[in-house]
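Okay, here's what each chain looks like letter by letter:
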Amino acid sequence: EIGAFGAVIEIDFDALVQKVSEQASVYAIKDLGFKPLSKDTKYVPFSHYPFITRDIALFVPATVEGGEVAAALRAAALSAAGNLLIKGPDMFDMFSKDGKTSYAFRMIFQSFEKTLSDDEVNGYMEKIYTVVKASGWEVR
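Quantities reported herein were computed from a predicted structural model and do not represent experimental measurements. (Residues numbered from 1 in each chain as written. Predicted model: local features only at pLDDT ≥ 70, side-chain atom pairs only at ≥ 80, totals over all residues. Heavy atoms only, no water.)

Draft legend 1. Representation of the pairing of strand β4 (residues 85-97). Note that β4 and strand β5 (residues 100-109) share nine bridges and pair antiparallel. Considered in β5, the bridge of Lys97 is made with Lys100. The antiparallel hairpin formed by β4 and β5 contains two residues in its connecting segment, where Asp98 sits at a positive phi of about 55 degrees. (Pairing = 2+ DSSP bridges. Helix = DSSP H or I, 4+ residues; strand = E, 2+ residues; numbered from the N terminus.)

Shown next, in the form of structure tokens:
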């Protein structure tokens, strides 16, 4: 099942092992259709603590592209929150008005060590707002 945050697949390992053992003499493992994992891809366990989502919308001059805004937000978020930024910024809205463009982004913060508080994440967002305003962009 493919969704906004990736894909989900269900595998019945018991049935797979049964099929492999029944067909071992007829088919090689490569015939099952598995693809090798990329050596560049790193897998990490998921956090047992809840995540916190924050959205930010801002007006920028019409000449500024969404990718530039996303890169600036990502750099600011990583500077403020480090590895607690686990996803984003992902743009979910854009419109133009009066020679400006509004972009809206979603960011997800999560810790592997504890439940983050609203105050902690709000502090990270304040640091991000400071960087955005220093760029001459208007937080909505």
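Draft legend 2. Structural context of the packing of helix α2 (residues 66-81) against helix α3 (residues 118-134). Between α2 and α3, the shortest axis-to-axis distance is 9 Å and the interhelical angle comes to 140 degrees. Classified by the interaxial angle, the pair formed by α2 and α3 is oblique. Relative to α3, α2 is oriented so that their crossing is right-handed. Where α2 abuts α3, its residues Leu73, Ala76, Ala77, Ala80 and Ala81 lie against Tyr124, Lys127, Ile128, Val131 and Val132. Of the residues contributing to the contact of α2 with α3, the split by class is nine nonpolar, no polar and one charged. (Axes fitted to C-alpha atoms, helices over the stretch in contact; angles between N-to-C directions. Parallel < 35°, antiparallel > 145°, perpendicular 65-115°, else oblique. Left-handed = near helix turned anticlockwise from the far one by under 90°. Contact = heavy atoms within 4.5 Å. Nonpolar A, V, L, I, M, F, W, Y, C, P; charged D, E, K, R; others polar.)

Draft legend 3. Structural detail: the pattern of salt bridges. Counted according to the given criterion, the structure contains five salt bridges. A salt bridge links Asp118 to Arg54, with the shortest nitrogen-to-oxygen separation between them at 3.1 Å. Taken as a pair, Asp118 in helix α3 and Arg54 in strand β3 (residues 52-61) lie far apart in primary sequence, 64 residues in all. Note that Glu138 is salt-bridged to Lys100, the shortest N-O span being 3.3 Å. Highlighted residues: Glu138 in strand β6 (residues 138-139) and Lys100 in strand β5, separated in sequence by 38 residues. The class for Glu138 is partly exposed, based on a relative accessible area of 40%. (Salt bridge = Lys/Arg side-chain N within 4 Å of Asp/Glu carboxyl O. Buried < 20%, exposed > 50% of the residue type's maximum accessible area, 1.4 Å probe, protein only.)

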